[in-house]
Amino acid sequence: MSARMLMNGVWAALILLVLCECMMLEAQLQVGFYSSSCSMAEFIVKQEVAKAFIKDIGVAAGLVRMHFHDCFVRGCDGSVLIDSTPSNTAEKDSPANNPSLRGFEVIDSAKARLESVCQGVVSCADIVAFAARDSVEITRGFGYAVPAGRRDGRISLASETRNLPSPAFNVDQLTQNFKNMGLTQEEMVTLSGAHTIGRSHCGSFSSRLYSFNSTTSQDPSLDPGYAAQLKQQCPQGSTDTSLGVPMNPASPAITDVGYYTDILANRGLFTSDQTLLTNPATVIQVIQNARSSLLWKSKFAFAMVKMGQIGILTSTAGEIRANCRVINS
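No experiment lies behind these values; they were computed from the predicted model shown.

Undergrad: Would you mind going over the UniProt feature "active site" (unreviewed entry) in the protein chain in detail, with residue names and values included?
TA: In the numbering used here, UniProt assigns the feature "active site" (unreviewed entry) to His-69. By the secondary structure assignment, His-69 is in helix H3 (residues 59-71). Setting aside residues no more than four positions away along its own chain, His-69 makes contact with Glu-91, Ala-96, Asn-97, Leu-101 and Leu-164.

In structure tokens, the structure reads:
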């Protein structure tokens with residue numbers, strides 16, 4: 001047996017394992033949950049994602065990130081969608097989400113269409129999960145079955161976004177943060193690959209360029225040529241909050257392993273990206289992912305399904321919001 005055939009067999013076995021584990025995770029939720037109650041639900045969401053993507057390819061990354069930010073705060077309950085009120089600052093208006101989180105109008109459009117055909121049936125939390133999957137798929141990642149049946153939460157607090165990992169986290173902080181959510185270190189490395197699409201505001205990494213620590217202004221782990229490029233795009237002292245750069249300059253709208261090859265070239269944009277080379281176990285995972293797009297995309301699909309199970313509300317818990325921005329009265 002040739003080495004290539006042997007490796008293909010290994011990848012096939014790993015993919016089969018991933019698929020089997022995905023099926024096991026569906027205990028509380030169900031693939032095809034709306035097949036009887038609202039059969040067009042997933043198709044409608046997919047249509048709205050596609051329409052938005054044609055107008056702005058960056059929205060796909062926003063919707064993937066939205067799902068992540070929803071699940072890491074109070075679980076995958078759609079709480080990230082709730083608007084602030086005079087008496088409460090909601091998650092979406094915390095510094096961790098505003099102004100960087102985007103794609104809310106896509107969820108609104110999908111919800112409006114669904115309410116017109118299946119009133120009070122499809123939860124906002126499930127729409128977010130479907131939209132994230134569709135965004136991965138439309139950017140050439142692997143599509144995957146989304147177990148559904150989540151219900152919507154009624155609480156959204158900006159103060160609770162502290163549960164989100166910071167772009168300044170080191171590998172130990174990242175590992176613990178994901179562990180707190182029931183995710184392994186390998187799943188942390190796998191999900192970090194979502195940074196292969198989208199853009200980042202300069203403020204999320206400018207400290208690596210201009211004020212790294214008391215002895216050096218520029219992060220020595222950052223490739224000097226890349227740092228010079230970033231400084232041109234993000235001038236020191238700029239007050240323009242709209243300035244940003246692609247997370248993966250070579251293919252910012254394609255779900256591929258460019259993120260991992262960038263890290264190996266010391267071109268990870270965030271500290272939380274480049275730190276994956278400071279731990280022997282995560283280094284191995286970065287190298288493996290960089291070498292096999294098939295392997296990483298398979299693991300990413302599984303990890304997205306698992307992440308989508310965090311802190312879910314089912315049965316009679318929570319509600320089905322009529323408007324994703326407002327809790328039912």
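Undergrad: Can you explain the nonpolar core? Please cite residues and give values.
TA: Counting 69 residues, the largest nonpolar core has Phe-72, Leu-81, Ile-107, Leu-276 and Met-307 as the members making the most contacts within it. No fewer than three residues from each of domain 1 (30-163) and domain 2 (171-306) sit in this core. Residue contacts for Leu-81: discarding those within four places in its chain leaves Met-66, Lys-92, Phe-104, Ile-107, Cys-124, Val-128, Arg-321, Cys-324 and Arg-325. Counting 13 residues, the second largest nonpolar core, distinct from the first, contains Phe-205, Cys-234, Val-245 and Met-247.

Undergrad: Could you give an account of the state of the cysteines, with specific residues and numbers?
TA: Throughout this description, disulfide means a covalent bond between two cysteine sulfur atoms. Overall, the coordinates contain 4 disulfides when judged by the stated rule. Here Cys-38 pairs with Cys-118 through a disulfide, and the sulfurs are 2.1 Å apart. Disulfide Cys-38-Cys-118: the torsion about the S-S bond is 80°, which places it as right-handed. One end of the pair, Cys-38, is in the loop between strand S1 (30-31) and helix H2 (41-55); the other, Cys-118, is in the loop between helix H4 (104-117) and helix H5 (124-138), and 80 residues separate them in sequence. An identical accessibility class is assigned to Cys-38 and Cys-118; each is buried. Shown here is the disulfide that connects Cys-202 with Cys-234, its sulfur atoms set 2.0 Å apart. Between Cys-202 and Cys-234, the disulfide has an S-S torsion of -70° and is therefore left-handed. Linking Cys-202 in the loop between strand S3 (199-201) and helix H8 (207-210) with Cys-234 in the loop between helix H9 (224-233) and strand S4 (244-246), this pair joins segments that are 32 residues apart in sequence. As far as burial versus exposure is concerned, Cys-202 and Cys-234 are alike and both buried. Bonded cysteines in the protein chain are paired 1-4, 2-3, 5-8, 6-7 when counted in the order they occur along the chain.

Undergrad: Quick rundown of empty space enclosed by the protein? Include the residues and the values.
TA: In this structure the tally under the stated criterion is 2 cavities of 30 Å³ or more. When its volume is computed, the largest cavity comes out at roughly 40 Å³. As for the largest cavity, its lining consists of His-67, Ala-129, Tyr-144, Val-146, Pro-147, Arg-150, Met-304 and Val-305. The calculated volume of the second largest cavity comes to roughly 40 Å³.

Undergrad: So what's going on with the environment of His-67? Which residues, and what values?
TA: The residue His-67 is located in helix H3 in this model. Other than its neighbours up to four places away in sequence, His-67 contacts Cys-76, Val-128, Ala-129, Ala-132, Met-304, Met-307 and Gly-308.

Undergrad: So, the domain arrangement of the protein chain: which residues are in play, and what are the values?
TA: Domain annotation of the protein chain identifies domain 1 (30-163) and domain 2 (171-306). Computed over C-alpha atoms, the centres of domain 1 and domain 2 are 24 Å apart. Facing 19 residues of domain 1, the contacting portion of domain 2 comprises 18 residues. Of the roughly 1,600 Å² buried where domain 1 meets domain 2, counting both sides, 76% is carbon and sulfur surface. At the junction of domain 1 with domain 2, the criterion picks out 3 residue pairs in polar contact (both at pLDDT 80 or more). For the side of domain 1 that touches domain 2, the secondary-structure elements that each account for two or more residues are H3 and H5. Element by element, the count of residues in the side of domain 1 that touches domain 2 is highest for H3, at 5 residues. When grouped by side-chain class, the residues that make up the side of domain 1 that touches domain 2 number 13 nonpolar, 5 polar and 1 charged.

Undergrad: Can you break down the packing of aromatic side chains residue by residue, with the values?
TA: Per the counting criterion, the structure on display carries 8 aromatic pairs. Both rings, one in Phe-68 and one in Phe-72, keep their centres 4.3 Å apart while their planes meet at 20°; by these two values the pair is stacked. When sorted by exposure, Phe-68 lands in the same class as Phe-72, which is buried. Between Trp-296 and Phe-300, the ring centres sit 5.1 Å apart and the planes meet at 35°, which makes this aromatic pair tilted. Taken together, the positions of Trp-296 and Phe-300, both in helix H13 (residues 293-307) and 4 residues apart, correspond to about one turn of that helix. Side by side, Trp-296 and Phe-300 carry an identical accessibility label, which is buried.

Undergrad: How would you explain H4 if you had to name every residue and give the values?
TA: Taking 1.5 Å of rise per residue, 14 residues should cover 20 Å, and H4 covers 20 Å from first to last C-alpha, within 8% of that figure. Taken as a whole, H4 has its buried residues at Phe-104, Val-106, Ile-107, Ala-110, Lys-111, Leu-114 and Glu-115. Buried residues of H4, viewed axially, fall in a sector of 160°; they line one side. Facing away from the buried side of H4, by more than 90 degrees, are the exposed residues Ser-116 and Val-117. Elements that come into contact with the buried residues of H4 comprise H2, H3 and H5.

The rules behind each value
Residues numbered from 1 in each chain as written. Predicted model: local features only at pLDDT ≥ 70, side-chain atom pairs only at ≥ 80, totals over all residues. Heavy atoms only, no water. UniProt positions renumbered as here; feature names shortened; annotations may be inferred. Helix = DSSP H or I, 4+ residues; strand = E, 2+ residues; numbered from the N terminus. Contact = heavy atoms within 4.5 Å. Core = buried A, V, L, I, M, F, W, Y, C linked by side-chain atoms within 4.5 Å. Buried < 20%, exposed > 50% of the residue type's maximum accessible area, 1.4 Å probe, protein only. Domains from an automatic or database assignment. Disulfide = S-S within 2.5 Å. 1 Å grid on protein atoms, 1.4 Å probe; cavity = no way out; pocket = protein on both sides within 12 Å on 5 of 7 lines; lining within 4 Å. Points joined across faces, edges and corners; volume = space filled by probe spheres on them. Buried area = accessible area lost by both parts, 1.4 Å probe. Polar contact = N/O pair within 3.5 Å; in protein donor to acceptor, adjacent residues only side chain to side chain. Nonpolar A, V, L, I, M, F, W, Y, C, P; charged D, E, K, R; others polar. Phe/Tyr/Trp six-rings, centres within 6.5 Å; stacked < 30°, edge-to-face > 60°. Expected span 1.5 Å × (residues − 1). Arc of directions from axis to C-beta.

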